[in-house]
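# Close look at the chain arrangement
So the chains spell out like this:
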Amino acid sequence: MNVQKVMVVGAGQMGSGIAQVCAQAGYNVILHDLKDEFLQRGVNVISKNLNRQVEKSRLSEDEKKEILSRIKTTTSLEDAKEVDLVIEAAVEKMDVKISIFKQLDEMTNEHTILATNTSSLPITEIAAATKRPEKVIGMHFMNPVPVMKLVEIIRGLATNNETYKVIEDITKKLNKVPVEVNDFPGFVSNRVLMPMINEAIYTVYEGVATPEAVDEVMKLGMNHPMGPLTLADFIGLDTCLYIMEILHEGFGDDKYRPCPLLRKYVKAGWLGRKTGRGFYTYE
């Protein structure tokens, strides 16, 4: 299957990054969101990222313009009828994703592959909302998308080999490294990362150490580039809580129980960098 045109659903941090790397790889991209202001914000982020590449002499001004010219925006999901691949990067809520996939299933051509950038939700359940579960797959990019090399590729129960191979090849064309994982809550990345972050929060909650001390131990002792609490603030504490709840519910194991301090911060609206306060304060 020759994929030429891609739609990215969701122009937020992840969606705009996915649109950027697809356009840089030579694909024509339709970037979709609910409002023009969201789309404009997403395109501005892409333009800013590309400007940095020009300043570092990694791109020419002409190349930047060519990349941007490959990205069109729309508020209509019906434009998906033109594309060969849809990558959904909407909010991480199952009911929202199922609604989007039902609509895409009706609107797209039979050959179109439907991928989701979910970080933790079951691909099999999302695929079951369509009449083409064999063409539904997980394509979990890491944040920030233009920088991070990994893409977890997750087969649903019915995903066929042809779909997997197409997505694996596209991932390589995006200059990313595809890693196949099976459809379990949190896949590999968040099943390992989030309990570590949750445990770091417990050490603060129980008075073992300050956030600064926990982060120093992990950076200097375990050679992590960023401490787990700084990382939690970067990801968003609401997102961390949501993924821990999915792990807890999916496995039914109390080792995934979210720390009460994490719940308290989320209820307080202390969500990390995006709200100016989490485990640290941001200006």
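Residues numbered from 1 in each chain as written. Predicted model: local features only at pLDDT ≥ 70, side-chain atom pairs only at ≥ 80, totals over all residues. Heavy atoms only, no water.

Naming follows an unreviewed UniProt entry, where the chain appears as 3-hydroxybutyryl-CoA dehydrogenase of Aeribacillus alveayuensis. Regarding the chain, the relevant UniProt record gives this comment under Pathway (unreviewed entry): "Lipid metabolism; butanoate metabolism." (UniProt positions renumbered as here; feature names shortened; annotations may be inferred.)

## As for the UniProt feature "domain: 3-hydroxyacyl-CoA dehydrogenase C-terminal" (unreviewed entry) in the chain
Look at the UniProt record and you will see "domain: 3-hydroxyacyl-CoA dehydrogenase C-terminal" (unreviewed entry) annotated at residues 186-282. This span, residues 186-282, is 63% helix and 0% strand, and a straight line between its end C-alpha atoms measures 28 Å. (Helix = DSSP H or I, 4+ residues; strand = E, 2+ residues; numbered from the N terminus.)

## Considerations on the UniProt feature "domain: 3-hydroxyacyl-CoA dehydrogenase NAD binding" (unreviewed entry) in the chain
The feature "domain: 3-hydroxyacyl-CoA dehydrogenase NAD binding" (unreviewed entry), as given by UniProt, occupies residues 5-183 in the numbering adopted here. Between the C-alpha atoms that bound residues 5-183 the distance is 27 Å, and the span itself is 41% helix and 22% strand.

## What about the pattern of salt bridges?
Within the structure shown, the criterion is met by 12 salt bridges. Ionic pairing is found between Glu-216 and Lys-219, a salt bridge with its closest N-O pair at 3.3 Å. Of this pair, Glu-216 and Lys-219 both sit in helix H8 (residues 211-222), 3 residues apart, which is roughly one turn of the helix. According to the relative accessible area criterion, Glu-216 is partly exposed, its value standing at 38%. (Salt bridge = Lys/Arg side-chain N within 4 Å of Asp/Glu carboxyl O. Buried < 20%, exposed > 50% of the residue type's maximum accessible area, 1.4 Å probe, protein only.)

## Concerning the pairing of strand S7 (residues 150-155)
The pairing of strand S6 (residues 136-141) with S7 spans 5 bridges and is antiparallel. If you follow Ile-137 over to S7, its bridge partner there is Arg-155. Pairing geometry for S7 and strand S8 (residues 177-181), over 5 bridges, is parallel. Bridge assignment links Ile-154 to a residue of S8, and that residue is Val-181. Chirality of the crossover, the property in question, places the unit of S7, helix H6 (residues 161-173) and S8 among those that are right-handed. (Pairing = 2+ DSSP bridges. Right-handed = clockwise from strand over helix to strand, strands pointing away.)

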